[in-house]
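Chains, contacts and geometry: an overview
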Amino acid sequence: MKKWFQKGTMQMGMGKEINSLTDDPRVSMSKDDYQRILLELQYYRDDNQHVSFHNSNGVKKSRIKHTSSITRQAGRAWASLIFDEKAKITVNSKTKAGDGLNDYIADVLNHNNFYDLYEEWLELGVVAGGFAVFPQVVNDEIQFSWVRPDQFFPINSNSSNIESSAVVSQTTKPDGNGGITYYSLVTFNYFDKITHTVTIVNELYKSDNDSKALGKQVPLHSYQPYAEYEETHVFQNMAVPLVAYFKSAGKNNKNLESPLGVGIVANSQHMIDDLNTANDMLQRELELSRRRVMISKEAIRPIGDTSSTRMQSSQEAYFDADDDTFIGLPNTNGDPSQPFVEQLESHIQVDEYNKAIQSYMERFENEIGLSQGTLSVNAKQSDKTATEVVSDNSMTYRTRSSYCSQVEKQIKCLIMAIIELSVNDDYGILDERLNGINPLEDDITIKVDFNDGVFTDSDTKEKNDLNMVTNMLMSKQTFMMKNLGYTEDEAKQELLRIQDEAGGFDTLPSEQKGMFGDSEGGE
């Protein structure tokens with residue numbers, strides 16, 4: 001194990017040139033995995049695709065394809081279903097009483113706008129298979145750094161877990177000659193669970209006029225923004241890695257040995273292409289639904305000789321470069337003095353294209369684990385009861401559960417990393433609420449409540465809770481807070497008013513007294 005760790009931390013060597021971090025022997029990531037991630041990000045950005053066509057002059061032209069942004073829509077739908085601002089994270093230490101630890105973590109999360117930003121990054125992670133986040137101490141405060149999937153590289157990892165990783169961040173600098181110099185900082189994070197240490201190794205690479213190449217390794221002090229960075233630093237007493245990685249749900253079927261997740265694009269690329277093609281054809285159909293005129297060449301203004309008043313004898317048809325309304329054909333009636341003009345009627349196939357698009361959408365929903373009607377338009381959905389809608393969402397719920405397991409794993413790792421840095425000897429204790437906290441020895445529990453209300457029939461849920469009150473398994477106060485939106489104080493006040501209206505008599509059995517937030521009433 002010691003030999004493996006030493007091998008993992010060796011540096012490439014100053015001055016050595018490398019094209020991609022996937023060429024580094026320390027990195028457990030294939031070029032195919034990296035190219036797949038880049039492709040998935042391309043679909044997420046909805047990078048402009050072009051299609052070729054011939055205009056009325058027979059000239060081949062190119063135009064931007066009308067895509068549907070379905071990849072981003074799907075990622076957004078999944079992110080909002082998995083995690084939103086209603087989610088709740090609670091942290092407790094069984095060895096330290098009080099809410100100090102939980103309050104501190106809540107403050108750190110709010111300071112970093114975690115609940116909003118996490119949903120945004122989860123959107124990207126679902127599409128491209130994963131993303132990472134890690135805490136760092138800046139001016140005695142914890143700040144989060146978010147890592148795109150194309151910036152994250154696993155190190156010496158098995159196919160089920162990533163404990164060590166490399167993160168790449170790139171900056172640019174004008175070279176003074178009209179070109180651009182690219183600097184890439186590679187931060188290696190090596191976690192050793194035997195010695196409970198995290199070793200940070202910083203390496204700087206320089207590339208001239210090539211943003212895709214990592215380039216040649218140079219000293220950290222050669223570029224001012226990184227001049228104060230340490231080449232190597234070791235954190236002691238670490239229970240978990242500093243970098244918390246989210247892996248998309250399910251096995252990576254594109255590379256069975258890879259520890260990375262696979263996004264929704266990889267297994268649905270052809271379906272997305274078909275959907276985009278149908279959407280483009282519909283849009284093009286609407287654009288070209290204007291009239292078409294078939295006309296003899298003799299009736300069309302010929303091209304003039306700009307150097308004189310003489311007309312070209314070829315009598316070539318003249319159109320605006322982007323005009324495809326007129327179709328010039330030779331006059332076949334034998335009489336050039338009688339040119340023909342015939343308007344062509346066009347039938348707009350909107351219904352046909354819409355049906356095709358909806359079909360592709362429904363198949364795409366099935367492929368990524370969403371219930372039909374989540375992205376597609378389901379006219380029957382509006383006529384269904386709440387119970388039927390919940391039942392129809394069973395596929396979404398099952399897939400969501402798998403995603404939630406991965407989200408919970410990442411968040412727990414992040415929270416523990418926050419605690420580790422906040423009480424680490426390198427920085428001292430950042431907040432007095434953490435006095436006495438030891439991440440290695442304390443029994444720290446982290447709970448993530450994902451708020452499953454969107455999948456629950458509220459009427460059925462309320463009836464079940466009311467039944468629990470009747471059977472003395474839930475207090476009225478809890479019922480009012482849970483189902484009616486009362487605060488604790490509001491629920492207590494409302495229960496007192498109910499008792500007053502009843503004449504001050506508490507008709508409940510004695511065994512139920514004290515369950516409703518009023519321990520003194522009824523006697």
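See the structure above.
The sections below set out a description of the structure shown in this document. The residue numbers shown here count from 1 along each chain, following its written sequence. Note on the predicted model: pLDDT of at least 70 is required for a residue's local features to be given, and 80 or more for side-chain atom pairs to be given and counted; whole-chain, interface and lining totals, by contrast, use all residues. Working from all heavy atoms in the structure, the side-chain values ignore hydrogens and water.

Another aspect to go through is helix α3 (residues 70-82). For the α-helix, the turn length of 3.6 residues means that residues three or four positions removed from each other point alike. The first and last C-alpha atoms of α3 sit 18 Å apart over 13 residues, in line with the 18 Å expected at 1.5 Å per residue. Ile70, Thr71, Ala74, Gly75, Ala77, Trp78, Ala79, Leu81 and Ile82 are the residues of α3 that are buried. A contact between two residues is defined here by any heavy atoms of the two lying within 4.5 Å. Strands here are runs of E lasting at least two residues and helices are runs of H or I lasting at least four, both read from the DSSP assignment and numbered beginning at the N terminus. Along its buried surface, α3 packs onto α2 (31-45), α5 (114-128), α6 (269-287), α7 (350-367) and α9 (394-422). Each residue after the first adds 1.5 Å to the expected span of a helix. The classification of residues rests on relative accessible area computed with a 1.4 Å probe and restricted to protein chains. Under 20% of the type maximum is buried, over 50% is exposed, and intermediate values are partly exposed.

The three strands are arranged β6-β5-β13 in an open sheet whose pairing can be described as antiparallel. Pairing within the sheet leaves two strands with one partner each, and these edge strands are β6 (141-147) and β13 (244-247). Each strand axis lies, on average, 20° off the axis of its neighbour in the sheet, ignoring direction. Looking at chain direction, strand β5 (residues 130-138) and β6 are connected through seven bridges and run antiparallel. By the bridge assignment, Val133 is partnered in β6 with Trp146. With respect to the sheet, α9 is in contact with β5, β6 and β13, its orientation differing from that of β5 by roughly 15°. Strand pairing is assigned whenever DSSP identifies at least 2 bridges connecting the two strands. What counts as an axis is a line fitted to C-alpha atoms, over the stretch in contact for a helix, and the angles between N-to-C directions run from 0 to 180 degrees.

Turning our eyes to something else, we now look at the packing of aromatic side chains. Paired rings are identified among Phe, Tyr and Trp, the last through its six-membered ring, by centres lying within 6.5 Å, and are further divided according to the angle between planes into stacked (under 30 degrees), edge-to-face (over 60) and tilted (the rest). With the rule as written, the count across this model stands at 23 aromatic pairs. Judged by centre distance (5.7 Å) and plane angle (80°), the rings of Phe114 and Tyr115 are edge-to-face. Across the pair, exposure class does not vary: Phe114 and Tyr115 are buried alike. Positioned over the ring face of Phe188 is Arg26, at 4.1 Å from the centre of the ring. Counting as a charge over the ring demands two things of the Lys NZ or Arg CZ atom: a distance within 6 Å of the ring centre and an angle within 35 degrees of the ring normal.

Close contact between α3 and α5 brings their axes to 8 Å; oriented N to C, the two are set at 125°. Classified by the angle their axes make, α3 and α5 are oblique. Considering the relative orientation of α3 and α5, their crossing is right-handed. Here α3 contributes Thr71, Arg72, Gly75, Arg76, Trp78, Ala79, Ser80 and Ile82 to the contact with α5, which in turn contributes Glu119, Leu122, Glu123, Val126 and Val127. Tallied by class, residues from the contact of α3 with α5 come to six nonpolar, three polar and four charged. By the definition adopted for this analysis, an angle is roughly parallel if under 35 degrees, roughly antiparallel if over 145, roughly perpendicular if from 65 to 115, and oblique otherwise. The handedness criterion is simple: a crossing whose near helix is rotated anticlockwise from the far helix by less than a right angle is left-handed, and one whose near helix is rotated clockwise is right-handed. Amino acids outside the nonpolar list (Ala, Val, Leu, Ile, Met, Phe, Trp, Tyr, Cys, Pro) and the charged list (Asp, Glu, Lys, Arg) are all regarded as polar, and Gly is one of them.

Of the two faces of strand β7 (residues 152-155), both are covered, the one formed by Phe152 and Pro154 as well as the one formed by Phe153 and Ile155. Where β7 and strand β8 (residues 164-174) come together, four bridges link them in antiparallel fashion. The residue of β8 that forms the bridge with Phe153 is Ala166.

A positive phi angle is found at Asn139, which is not glycine, with a value near 55°. With respect to the secondary-structure elements, Asn139 resides in the loop between β5 and β6. Assessed through its relative accessible area of 71%, Asn139 is described here as exposed. Notably, Asp140 is not glycine yet its phi reads approximately 65°, a positive angle. The residue Asp140 is located in the loop between β5 and β6 in this model.

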